[in-house]
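Letter by letter, the chains look like this.
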Amino acid sequence: MQTASTIAEQLLNAFTPVHCLSQQQLLQYVGQKMPAVEQHMVEQHLVDCPLCSTALEVMLQPEKQAALSPLLQEVHAKIRFRYQTAPEQKKRHQAIQQKARLIKKEQKTEVFLKYGWIIVFALIGTGFAFWIASRPAVATRPAVSEALPAGGTADPATEAATTLPEQPDPAPKTNLVATAARRNTESAGNKPTKAPAGDTSHVVRTPPAALPAAPVKKPAPDSSRQKAVAPAVKREEEQRQTAPPGKQDDSLQRPPATTPQHPREKPASNPKPSLVNQPEIAGSSEKSIAPSPSLDEMAYTRAKKLMGQGDWKAAVDQLEPLSRNSGRFHETANYQMAVCYKAMGRKGKARRILKNIVKENGNMKEQASQLLSAL
Amino acid sequence: MAQSLRNLSDKELLLRIERAPDHEAIGILLERYSHLIAAVSLFYLKDRDNVNKAIEKTLHQLNIDLQNRKITQLNRRVYHIATRQCMQILQESRNLEGKTPQPATGKNLFIGGRTDAAPPAAQLTAAFRRLAPEDQEYLQDFYLNRQPLAALARKNGTTARQVLIKIRRIRQQLFEQADSAS
């Protein structure tokens, strides 16, 4: 009989924890290939551990034991992949995350660029639309600047005369000119020259000849210019009378030979703008050169006539719309308005307009500053 | 690094994980118990897909528990989780088949309770003396005379599994009596 102490000591072993059995140990135990001591240790653990005893039950069934080994290979592979290759996996994961972040950034920038381009195109489109809308007013400017001499001229009539032949479409111009001429002659009280039926060239040519026929206070006429212009006019008239209608149309499209001479002569002969001689010069130039004046030109000419007649207020009414427009008569109309206001005794208004002209720094700047200093 | 971790015991690995979350240590522990988890899953489930599912769920739950809980007896925890997952899968499959869910089959071999710490020797001896003579003989043959289960089965005319279950029940009884006396 064993003593109580040895029993207690042995029984305490029953509560001593033992490691769970490995697969190999289980297989050894099932195959009874274990030493007696180790076998007893395993059995002690089996009593204590439900996990290992259940596993042993499975090991004792051959079909389940066969199923266990491939299953275990899969499980081990999964565990190793998930846990033991963690640093490598982390690196891979980080690389993937970085790539994803880069892709996101690229996508964002692409979206921003897309919107940016859309905005740019929209702006360009609106700009182009505005440009097209403002094109007719701007298109005439280069022609004026080309026709003007280096010093610039104060006479808008000559400007018109020099630029008009360059305009591309003569057909609508003839109608416009014809109506304008009719209005002009009606206002001036003169009868328009009779043109033969069907001959459009006559309709076109008559208004410039009729325009200066309005009663104008004529101071000393510029004899040299008249000499230069008169033979050319005479020649044209002779050609018109002799040439067939088709040829006359051709001559209509060609610019007159005297046009470039006039603006060059003007600044030298008449540098100082004066109240009296301004309309006269315009009239003389219109007489000989301007073949197809526009509506603005007609209004300007009418204003000049009114100025010549001393009807300053009516002249201002005619000039005001021209000065408001940004066309080629804008600056000269302003200048003439200043002249009118000066004549009306409204020097303050005249000064303001002249200052504006000087500020605009255009072709009329010099004349405007001279008149301003005179005021 | 992995090799040095492999040489550590469960207790050391659990301490390491407790100090700071160690992915590799968790992996080694899971690998160490994977064959037992797989065996438990195979024991309760017939379908291979269900077995795989149960193993997957058990490993996942264990990973969470190891990171968040203090586990003293890992084998018991593993067994608890594995059986629970198997029972859940069994119930789910039975629900899908339209059968009424039934409790787990009586295959559970574990009867004994938790044995966190052994009771004092005096109480243990006293409790041993209070056991039935047949039970005392079983314990004496197995623990003191170190007889194998197969020999005991032959002696008593039963199977080794029956002897194992009996010894487990007597051991549990002994533990409870010693524990109540202390």
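Residues numbered from 1 in each chain as written. Chains lettered and ligands numbered in written order. Predicted model: local features only at pLDDT ≥ 70, side-chain atom pairs only at ≥ 80, totals over all residues.

## Some details on the confidence of the model for chain A
Residues and elements named next belong to chain A. For the record, the criterion: Scored from 0 to 100, pLDDT reflects the predictor's confidence in each residue. The contact criterion used is a C-beta to C-beta distance within 7 Å, with each C-beta placed from the backbone.
With 53% of its residues at a pLDDT of 70 or more, chain A shows a mean pLDDT of 67. Throughout residues 142-181 the model reports pLDDT below 50, and contacts reaching past four residues in sequence, or to other chains, amount to 81 contacts. For the stretch residues 187-229, pLDDT sits under 50, and the model shows 78 contacts to residues farther than four places along the chain or on other chains.

## Comments concerning the environment of Asn 7 of chain B
Residues and elements named next belong to chain B. Applied cut-off: Only DSSP runs of H or I reaching four residues or more are called helices, and only runs of E reaching two or more are called strands; each is numbered from the N terminus. For the exposure call, what matters is how many other C-beta atoms sit within 10 Å of a residue's own: 20 or more marks it buried, 12 or fewer exposed, and in between partly exposed, using C-beta atoms placed from the backbone.
Secondary-structure assignment places Asn 7 in the loop between helix H1 (2-6) and helix H2 (10-19). The exposure class of Asn 7 is exposed, given the 8 C-beta atoms found within 10 Å. With 21 residues separating them along the chain, Asn 7 and Ile 28 place their C-alpha atoms 9.9 Å apart.

## Quick look at the packing of helix H4 (residues 50-60) of chain A against helix H3 (residues 23-44) of chain B
This is how the line gets drawn: To get an axis, fit a line to the C-alpha atoms, keeping to the stretch in contact for a helix; angles then go from 0 to 180 degrees between the N-to-C directions. Each angle is binned into one of four classes, with values under 35 degrees roughly parallel, values over 145 roughly antiparallel, values of 65 to 115 roughly perpendicular, and all other values oblique. Take the far helix as the reference: if the near one is turned anticlockwise from it by less than a right angle, the crossing is left-handed, and if turned clockwise, right-handed. Only Asp, Glu, Lys and Arg are considered charged in this grouping, and only Ala, Val, Leu, Ile, Met, Phe, Trp, Tyr, Cys and Pro are considered nonpolar; every other residue, Gly among them, is considered polar.
Viewed as axis vectors pointing N to C, H4 of chain A and H3 of chain B meet at an angle of 60°, and their least axial separation amounts to 8 Å. Relative to H3 of chain B, the element H4 of chain A is oriented oblique. By crossing handedness, the relation of H4 of chain A to H3 of chain B is classed as left-handed. In contact with Leu 51, Cys 52, Thr 54, Ala 55, Glu 57 and Val 58 of chain A of H4 of chain A, H3 of chain B contributes His 35, Leu 36, Ala 39, Val 40, Leu 42 and Phe 43 of chain B. Here the residues of the contact of H4 of chain A with H3 of chain B sort into nine nonpolar, two polar and one charged.

## What about the packing of helix H17 (residues 330-344) of chain A against helix H18 (residues 347-360) of chain A?
All names here are of chain A. The geometry of H17 relative to H18 is characterised by a closest axis approach of 8 Å and an angle of 155° between their N-to-C directions. Regarding the angle of H17 to H18, the classification is roughly antiparallel. Judged by the twist between their axes, the crossing of H17 over H18 is left-handed. In contact with Glu 331, Asn 334, Tyr 335, Met 337, Ala 338, Tyr 341 and Lys 342 of H17, H18 contributes Lys 347, Lys 349, Ala 350, Ile 353, Leu 354, Asn 356, Ile 357 and Glu 360. Tallied by class, the residues present in the contact of H17 with H18 amount to eight nonpolar, two polar and five charged.

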